[in-house]
Amino acid sequence: MSNVMSLVYSFILIFPTILLGVDFFVIGKIIVELETRATIVSYIISEEGGIRPNLINDLAEEGITIVCEGDCSYISVGETIKYQLLKTYTPIIIKNEDIEIYVTRTTIVGYL
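Only a predicted model underlies this, so the values are computations on that prediction, with no experimental measurement involved.

Concerning a negative patch on the surface
At step 1: Taken together, the side chains of Glu-47, Glu-48, Asp-58 and Glu-61 make up a negatively charged region of the molecular surface.
At step 2: Secondary structure elements with two or more residues in the negative patch: helix H1 (2-48) and helix H2 (53-61).
At step 3: Among the structural elements, Glu-48 can be located in helix H1.
At step 4: Residue Glu-48 is classed as partly exposed on the basis of its relative accessible area, which comes to 31%.

Points about a nonpolar patch on the surface
At step 1: Side chains of Leu-7, Phe-11, Ile-14, Ile-18, Leu-20, Val-22, Phe-24, Ile-92, Ile-93 and Ile-94 sit close together on the surface and give an oily, nonpolar patch of about 860 Å² of accessible area.
At step 2: Classification of Ile-93 as partly exposed rests on a relative accessible area of 37%.

Quick notes on the sheet that holds strand S2 (residues 80-89)
Strands pair in a sheet through their backbones, by hydrogen bonds, and they do so in one of two ways: parallel or antiparallel.
At step 1: Ordered in space as S1-S2-S3, the 3 strands form an open sheet in which the pairing is antiparallel. Every interior strand has two partners, whereas the edge strands, strand S1 (65-69) and strand S3 (99-108), have only one. Averaged over neighbouring strand pairs, the angle between their axes works out to 25° when direction is ignored.
At step 2: Bridge count for S1 against S2 is 5 bridges, and the pairing is antiparallel. Residue pairing in the sheet places Val-67 in a bridge with Gln-84 of S2.

Thoughts on the side chain of Arg-37
At step 1: Counting through the fold element by element, Arg-37 comes out in helix H1.
At step 2: If sequence neighbours within four positions are ignored, Arg-37 has contacts with Asp-58, Leu-59, Glu-62, Ile-64 and Leu-85.

A short note on the pairing of S2
At step 1: For S2, the buried fraction is high: 7 of the 10 residues fall into the buried class.
At step 2: Inspection of the sheet shows S2 paired to S3 by 10 bridges, in the antiparallel sense. When the sheet's bridge partners are listed, Leu-85 is paired in S3 with Val-103.

Description of the nonpolar core
At step 1: Counting residues in hydrophobic clusters, the biggest one holds 18 residues, and the most contacted among them are Val-41, Ile-45, Ile-66, Tyr-83 and Leu-85.
At step 2: When residues of this core are traced back to their parent elements, those giving at least two are H1, H2, S2 and S3.
At step 3: Here this core gets 6 residues from one element, more than from any other, and that element is H1.

A closer look at the pattern of salt bridges
At step 1: Throughout the structure, instances matching the rule amount to 5 salt bridges.
At step 2: Lys-87 is the partner of Glu-33 in a salt bridge, and the nearest nitrogen-oxygen pair spans 3.1 Å. In this pair, Glu-33 is assigned in helix H1 and Lys-87 in strand S2, connecting sequence segments 54 residues apart.
At step 3: Relative accessible area serves as the criterion here: at 29%, Glu-33 is assigned to the partly exposed category.
At step 4: Among the ionic pairs, Arg-37 bridges to Glu-62, the shortest N-O distance being 3.2 Å. Taken together, the residues span a long stretch of sequence, with Arg-37 in helix H1 and Glu-62 in the loop between H2 and S1 at a distance of 25 residues.
At step 5: With relative accessibility at 15%, the residue Arg-37 sits in the buried group.
At step 6: Judged by relative accessible area, which is 36%, Glu-62 ranks as partly exposed.

About the cut-offs
Residues numbered from 1 in each chain as written. Predicted model: local features only at pLDDT ≥ 70, side-chain atom pairs only at ≥ 80, totals over all residues. Heavy atoms only, no water. Patch = residues over 30% accessible without salt bridge, like charges linked within 9 Å, V, L, I, M, F, W, Y side chains within 5 Å. Areas by Shrake-Rupley, 256 points an atom, 1.4 Å probe, with all protein chains shown as cover. Salt bridge = Lys/Arg side-chain N within 4 Å of Asp/Glu carboxyl O. Lys, Arg positive; Asp, Glu negative; His and termini not counted. Charge placed at Lys NZ, Arg CZ, Asp CG, Glu CD. Helix = DSSP H or I, 4+ residues; strand = E, 2+ residues; numbered from the N terminus. Buried < 20%, exposed > 50% of the residue type's maximum accessible area, 1.4 Å probe, protein only. Pairing = 2+ DSSP bridges. Axes fitted to C-alpha atoms, helices over the stretch in contact; angles between N-to-C directions. Contact = heavy atoms within 4.5 Å. Core = buried A, V, L, I, M, F, W, Y, C linked by side-chain atoms within 4.5 Å.

Next up, the structure:
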């Protein structure tokens, strides 16, 4: 009987550790997704000449928000754009509030 009790007790202790591992795995997956998407977005921004509404809508469908840092109202060929891709994650056990995961990139408009 004590063997069964110790087995149940060990599951109670190991379960939060498993959930913490799941949180770390999902956060790592989101970071890799944002890094990959940031490379593609850099090419799109350089090709289209800036951050266009169709790019913002495509990213919004994936749950990603793009934020332009600095002046993005007037962009000409050869200027640099610094932007962030943001995605929020609601963790299971790390925190009680949402975590914002972001990637910052700089790209030059018109040079590919």
